[in-house]
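Summary of structural features
The residues making up each chain are set out below.
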Amino acid sequence: MSQKEQIQEDVVIEEQVSKEYEIIVYNDEVNTFDHVIDTLIQACDHDPIQAEQCTILIHYKGKCAVKSGNYKDLKPRCSKILDEGINAEII
């Protein structure tokens, strides 16, 4: 066995797999653009341009993934969005 083969056998690659979740916000006929933009800025730490772009996608596509990450981080953010009367879920 060559040294290269022995080194390859000794190397163990560990990969941490964590599931990424997303907050999906859905369009409705109730909330204004400004309200959704302000909510995304507060709940998701978006800058105004990012919040506006997401809001446009929500309006024209019917939904938009506005934040991704681990469930523990997204749960309170999604709750803030829901508390503002905006339809959202974590998937």
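A brief report on the enclosed structure follows. Since this is a predicted model, take the numbers as computed values, not measurements. (Residues numbered from 1 in each chain as written. Predicted model: local features only at pLDDT ≥ 70, side-chain atom pairs only at ≥ 80, totals over all residues. Heavy atoms only, no water.)

1. Considerations on the packing of aromatic side chains
A complete count under the given rule lists one aromatic pair for this structure. Measuring from ring centre to ring centre gives 5.4 Å for tyrosine 21 and tyrosine 71, while their planes differ by 70°; the resulting arrangement is edge-to-face. Highlighted residues: tyrosine 21 in strand β1 (residues 21–26) and tyrosine 71 in helix α4 (residues 71–83), separated in sequence by 50 residues. (Phe/Tyr/Trp six-rings, centres within 6.5 Å; stacked < 30°, edge-to-face > 60°. Helix = DSSP H or I, 4+ residues; strand = E, 2+ residues; numbered from the N terminus.)

2. Re the environment of valine 66
Within the secondary structure layout, valine 66 lies in strand β2 (residues 63–69). Assessed through its relative accessible area of 5%, valine 66 is described here as buried. Taking the C-alpha atoms as reference points, valine 66 and valine 25, separated by 41 residues in sequence, lie 6.8 Å from one another. (Buried < 20%, exposed > 50% of the residue type's maximum accessible area, 1.4 Å probe, protein only.)

3. With respect to helix α2 (residues 33–44)
Side chains of residues three or four places apart in an α-helix project in the same direction, reflecting 3.6 residues per turn. An ideal rise of 1.5 Å per residue puts 16 Å on 12 residues; α2 measures up with 16 Å between its terminal C-alpha atoms. Buried residues in α2 make contact with β1, α3 (48–61), β2 and α4. (Expected span 1.5 Å × (residues − 1). Contact = heavy atoms within 4.5 Å.)

4. Points about the nonpolar core
Judged by nonpolar contacts, the single largest core of 17 residues is most densely connected at Ile23, Val25, Leu40, Val66 and Ile81. At the level of secondary structure, the elements contributing two or more residues to this core comprise β1, α2, α3, β2 and α4. Residue contributions to this core peak at five residues, all from α2. For valine 66, the residues in contact, after removing those within four places along its chain, are Ile23, Val25, Leu40, Cys44, His46, Cys54, Ile58 and Ile81. (Core = buried A, V, L, I, M, F, W, Y, C linked by side-chain atoms within 4.5 Å.)

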